[in-house]
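# Fold and geometry: a report
One-letter residues, chain by chain:
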Amino acid sequence: MPDGFFAPMLPQPQPQPLRLVPEPDESACGFVLRVAARNLCSGNEMAGWLGLGELGDPLDMDPGPSARLLGIETSSFARMGFEENEAGWVLGHRIPINRLHRTMRFFCPDCLAEAPYHRRIWSLRQLDACPRHGRSLMSRCPECDAAFLWRGSSSVQNCHCGARLDVPGLSAAADDSTGARVVHLHCGLSVPGKSLPSEFGSLPLSALLDLLVFLGRMDLVIARGNPDGLQPREMLTDRRVLNAGARVALGWPDAFDDLAGRVRASRPGRRGIMKEYGYLHRFINRSGTAPYADLLRNAYASHLARRDDISDRAWPPFLPRPKAHPEAMTPLEVQRVLGLGRNAFAALRKQPLWTDIRHAASARNGTCQYARTDIQVLSGKLSRLVSPGASDRLFGMRKGKTAQLAEAGLVAVHWWNRSHRNGEQRSVDMADLDALFERIRRLASAPAPARPVTFDALQRMAAARRVLSYIDVIRCLLAGQLRGHLTDAATPGLAPLVFEQSDAEEVLGRLASSSRTGEMVLGEVVRRLGIPAKAVHQLVGVGLLPRPRRVCAYIFLADAIR
């Protein structure tokens, strides 16, 4: 047979695109367009090459394969604009996808002239102005009037007709960009102006936008009588509403007191607190599950306390007395504060997350009450609980690594997961994982290694020795036996660590020689034997495998498995 006859049958290596480094606030679709321009192809061709289908913001597929082709961390790429559970990331904040532009592309020409990339914050529907340059965002070409769609885009700087989009002063000047400015500052972006008071600093971006729109509607539509004739649909996205709400928030709490007084004055002849304040009163009454609920209640209570015509009997029951916050809460009040449904709250009350909370008092009817401070701590913990699979994606780890950390007892496991759908009910606290990884990162050495080895390569080196597992590597790093060099302090997890190759080989070799009677977690046993976890339990039950030394974490002797 001729030479090379079987060559076409051999697997061909997948071509790699010319790579770029993403900007900290860049969107995923904009980054794909920049990579496409560098590789001299269209945006759709690059998206197809990366397995992303057609460009849309946010993207709704697994970012892992495309991130590996682009040479960036999966967790970083996912936070640039991928969708998960009907929500997307915007600069570290989870935003429902109905608040984001999915097909349209908005941009500021002045920002593109300074740095040619698409900013992620431009994807928010409720922002249509750039506070850095005081100009409106554009979504249509000034020459051909074509709408900028992600699907047909080929560049962030040019229209398909050839018009340049990075021309300073190309868009119209914005009459007011107060709302956009406070949102930019809340997301950590550098723009001129005053930021919101500290009470607003802990609010998620989605809740902050809801609160600003509510305050703006109260100011423009109710207190001022809607002089601009805004329609109901415009009240959620109109710049004037967001700007009015931002002005009230910037003057908090005095500006809210003034707003409540003007709302009351716009409804003359009404008797009773509910009728005097109308929708303002009803909205605050129904905001029990919102992150801004206490903020509104305290401001509303302070306003009503300034009036001397409200008796104790007429005081709204959902409002605390000023400077006298109740220290004990009933289970019903706790359910409202946590924002849980009946079934979810019932499931939570069976878990140690709830049973570990001490009783603060007992009501007259015998109902247990709980300390408000304990409930606030619980609320913060519940907001950080994620499934092990979601934790792997957020920290850029391979599938199953968080589960191994939990099985080894390095992170606590909670048997309550608010977002699970007939699947994984276990969850881990993101703060526990951050603390675990931060302990390793603090041990990092200053000098960069001469022959660097990434953390993924370190795991492969350990796996090649058979007796070492992922948990052995983590414990080695925690003990300071091997110190890495931190290349990027902003990227979470252990992916930014690199190690000196000679040091890694020496330390792993020493660990392997002393691990003949080591331990293996259940996940490692499953991988070594090539059978499911259920079969491992069956082998233990019939005595073919030794019972684990720690049943809760399934720690097996490595020699017994081999």
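Nothing here was measured: the structure is a model prediction, and the numbers come from that model.

### So, the packing of aromatic side chains
Within this structure, the stated rule accounts for 14 aromatic pairs. Between Phe200 and Trp252, the ring centres sit 5.4 Å apart and the planes meet at 90°, which makes this aromatic pair edge-to-face. Of this pair, Phe200 sits in the loop between α6 (178–186) and α7 (205–223) while Trp252 sits in the loop between α8 (239–250) and α9 (254–265), and the two are 52 residues apart along the sequence. Owing to a relative accessible area of 10%, Trp252 belongs among the buried residues under this scheme.

### Points about the side chain of Asp392
Looking at where Asp392 falls in the secondary structure, it is placed in helix α17 (residues 388–394). For the buried residue Asp392, which engages in no salt bridge, the nearest side chain bearing the opposite charge is Arg393, 7.3 Å off. Those residues in contact with Asp392 that sit more than four places away from it in its chain are Met397, Arg398, Lys399, Gly400, Lys401 and Thr402.

### Topic: the pairing of strand β2 (residues 87–90)
Residues Ala87 and Trp89 line one face of β2 and the alternating positions Gly88 and Val90 line the opposite face, and both faces are buried. Here two bridges tie strand β1 (residues 83–84) to β2, and the two strands are oriented antiparallel to one another. What sits directly across from Glu83, in β2, is Gly88. With antiparallel pairing between neighbouring strands as the criterion, β1 and β2 make up a hairpin whose turn holds two residues, including Asn85 at a positive phi of roughly 55°. The sheet contact formed by β2 and strand β3 (residues 93–96) spans four bridges and is antiparallel.

### What about the confidence of the model for the protein chain?
Residue-level pLDDT values for the protein chain average 82, and 90% of them are 70 or greater. Confidence drops under a pLDDT of 50 for residues 550–562, and excluding neighbours within four residues, the segment shows 42 contacts in the predicted structure.

### Concerning helix α13 (residues 331–338)
For an α-helix, the turn length of 3.6 residues means that residues three or four places apart are oriented alike. Every buried residue of α13 is listed here: Pro331, Val334, Gln335 and Leu338. Looking down the long axis of α13, one finds its buried residues gathered within 100° of arc, a one-sided arrangement. Buried residues in α13 make contact with β6 (328–329), α14 (342–348), α15 (352–355), β8 (368–371) and α16 (372–382). Remark: Gly339 follows α13 within two positions and exhibits a positive phi of approximately 70°.

What counts and what doesn't
Residues numbered from 1 in each chain as written. Predicted model: local features only at pLDDT ≥ 70, side-chain atom pairs only at ≥ 80, totals over all residues. Heavy atoms only, no water. Phe/Tyr/Trp six-rings, centres within 6.5 Å; stacked < 30°, edge-to-face > 60°. Helix = DSSP H or I, 4+ residues; strand = E, 2+ residues; numbered from the N terminus. Buried < 20%, exposed > 50% of the residue type's maximum accessible area, 1.4 Å probe, protein only. Lys, Arg positive; Asp, Glu negative; His and termini not counted. Salt bridge = Lys/Arg side-chain N within 4 Å of Asp/Glu carboxyl O. Contact = heavy atoms within 4.5 Å. Pairing = 2+ DSSP bridges. pLDDT = per-residue confidence, 0-100. Arc of directions from axis to C-beta.

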